[in-house]
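Chains, contacts and geometry: an overview
What follows is the residue order along each chain.
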Amino acid sequence: MGALKIEPISQRCAVCQAPVAISPVGRPRLYCSNRCRQKAARIRQILVGALTRLELLNMQLAPAIDWSDEDHRVA
Ligand SMILES: [Zn+2]
């Protein structure tokens with residue numbers, strides 16, 4: 001019987017889903033290229049920025065909500 005060829009565990013680029021070759025040494029790569037790595041960093045930046053804005057919005061809105069209104073209705 002033919003010898004079974006052991007393939008290295010293939011990984012896919014987190015951005016474009018292209019197969020990423022895993023080298024036996026060094027850290028596993030998440031992205032196929034520098035371009036994808038930069039793109040991922042940019043997306044992460046946008047996401048963090050959006051989340052921060054949402055949190056700021058939340059903080060601004062929270063005091064404006066009059067929760068005591070519920071109590072008045074009950075009483
Ligand atoms: Zn990629």
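All values reported here derive from a predicted model rather than from experimental measurement. (Residues numbered from 1 in each chain as written. Predicted model: local features only at pLDDT ≥ 70, side-chain atom pairs only at ≥ 80, totals over all residues.)

1. As for the overall build of the protein chain
Defined as follows: Each helix is a run of H or I in the DSSP string that is no shorter than four residues. Each strand is a run of E no shorter than two, and both are numbered from the N terminus. Any residue with 12 or fewer other C-beta atoms within 10 Å of its own C-beta is exposed, any with 20 or more is buried, and the rest are partly exposed; the C-beta atoms used are placed from the backbone.
Looking only at helices and strands, one finds two helices and two strands in the protein chain. Ordering the α and β elements of the protein chain from the N terminus gives β-β-α-α. Across the 75 residues that make up the protein chain, the buried fraction comes to 1%.

2. Considering helix H1 (residues 34-61)
Every α-helix winds through 3.6 residues per turn, so residues three or four apart in the chain are directed the same way. Applicable threshold: A helix is expected to reach a length of 1.5 Å times the quantity of its residues less one.
The end-to-end C-alpha distance of H1 is 40 Å, a good match for the 40 Å that 28 residues give at a rise of 1.5 Å each. Burial of H1 is sparse: only zero of the 28 residues sit out of reach of the surface.

3. As for unusual backbone geometry
Its identity as a non-glycine residue notwithstanding, Gln17 has a phi of 65 degrees, on the positive side. You can see Gln17 is positioned in the loop between strand E1 (11-12) and strand E2 (19-20).

4. Some remarks on the confidence of the model for the protein chain
Quick reminder of the rule: Per-residue confidence from the predictor is given as pLDDT, running between 0 and 100.
Per-residue confidence for the protein chain gives a mean pLDDT of 81; residues scoring 70 or more make up 76%. The least confident element of the protein chain, judged by mean pLDDT, is helix H2 (residues 68-74) at 64; the most confident is H1 at 92.

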